[in-house]
Amino acid sequence: AQSVTQLDSQVPVFEEAPVELRCNYSSSVSVYLFWYVQYPNQGLQLLLKYLSGSTLVKGINGFEAEFNKSQTSFHLRKPSVHISDTAEYFCAVSSEDDKIIFGKGTRLHILP
Amino acid sequence: DTAVSQTPKYLVTQMGNDKSIKCEQNLGHDTMYWYKQDSKKFLKIMFSYNNKELIINETVPNRFSPKSPDKAHLNLHINSLELGDSAVYFCASSQGRSSYEQYFGPGTRLTVT
């Protein structure tokens, strides 16, 4: 069975500081990995995804993530955050058998 | 143009009532989904349709019934509403199945009193 763990429910970080949001997964089959962002009172939108190939994936708004198969991780990073990055971030895993699982989300709180 | 739209945006109703939420996508996608997001922001897939065929049916009470009249629409009907059904329900669509990006609607906030 697949599972997704987002280790931090909340991450406070000062504006212009770097941030890493952690995601670990478990699966017995090959997976596809996604990060979605949810701004207040909105639906989710895709930040980036890993399907295959290069393990470093670049997304929108300056975010990137690195797939680490040995550590079963897909951590999201941004070198310098902005107040507009305040949102809930979800890691998600899907597989060929169409199972889709979202992590519990990490709230990114930008401090002025 | 809104890619994935849902109606209504807010729905307040009493226990025991029956209600429907409608979803439409104008992206030409083959696959549509319903998700439930609870008060702690936990997002759980409920159903998925591909070309009008049900492909994912998670452990959801049978009071919930999805209906896909065509590829662009996926409606959710809920019978005998309960307090625990209060949540935000999101519709989403994707071009294909598991490896494809999902496009989410704005959500429907259901409050059962």
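Up top is the structure these notes are about.
Remember, it's a predicted structure, so these values are computed and weren't measured experimentally.

Student: What's the story with the state of the cysteines in this structure? I'm lost.
Tutor: Simply put, disulfide is the name for a covalent bond between the sulfur atoms of two cysteines. Under the defined criterion, the tally for this structure stands at two disulfides over all chains. Two residues, Cys23 of chain A and Cys91 of chain A, share a disulfide whose sulfurs are 2.0 Å apart. Handedness here is read from the sign of the S-S torsion; for Cys23 of chain A and Cys91 of chain A, about -65°, the answer is left-handed. Of this pair, Cys23 of chain A sits in the loop between β3 (19–21) and β4 (24–26) while Cys91 of chain A sits in strand β10 (residues 87–95), placing them 68 residues apart in sequence. The residues Cys23 of chain A and Cys91 of chain A share a single accessibility class, namely buried. Two residues share a disulfide in this structure: Cys23 of chain B and Cys91 of chain B, whose sulfurs sit 1.8 Å from each other.

Student: Please clarify how the pairing of strand β2 (residues 10–14) of chain A should be interpreted in this entry.
Tutor: For a regular strand, side chains alternate in direction, first toward one face of the sheet and then toward the other. Residues and elements named next belong to chain A. Side chains Val11 and Val13 project from β2 onto a buried face, and the interleaved Gln10, Pro12 and Phe14 project onto a face without burial. As judged from the five bridges shared by β2 and strand β12 (residues 106–111), these two strands associate in the parallel manner. Bridge pairing links Gln10 to Arg107 in β12.

Rules used in this analysis
- Residues numbered from 1 in each chain as written.
- Chains lettered and ligands numbered in written order.
- Predicted model: local features only at pLDDT ≥ 70, side-chain atom pairs only at ≥ 80, totals over all residues.
- Heavy atoms only, no water.
- Disulfide = S-S within 2.5 Å.
- Helix = DSSP H or I, 4+ residues; strand = E, 2+ residues; numbered from the N terminus.
- Buried < 20%, exposed > 50% of the residue type's maximum accessible area, 1.4 Å probe, protein only.
- Pairing = 2+ DSSP bridges.

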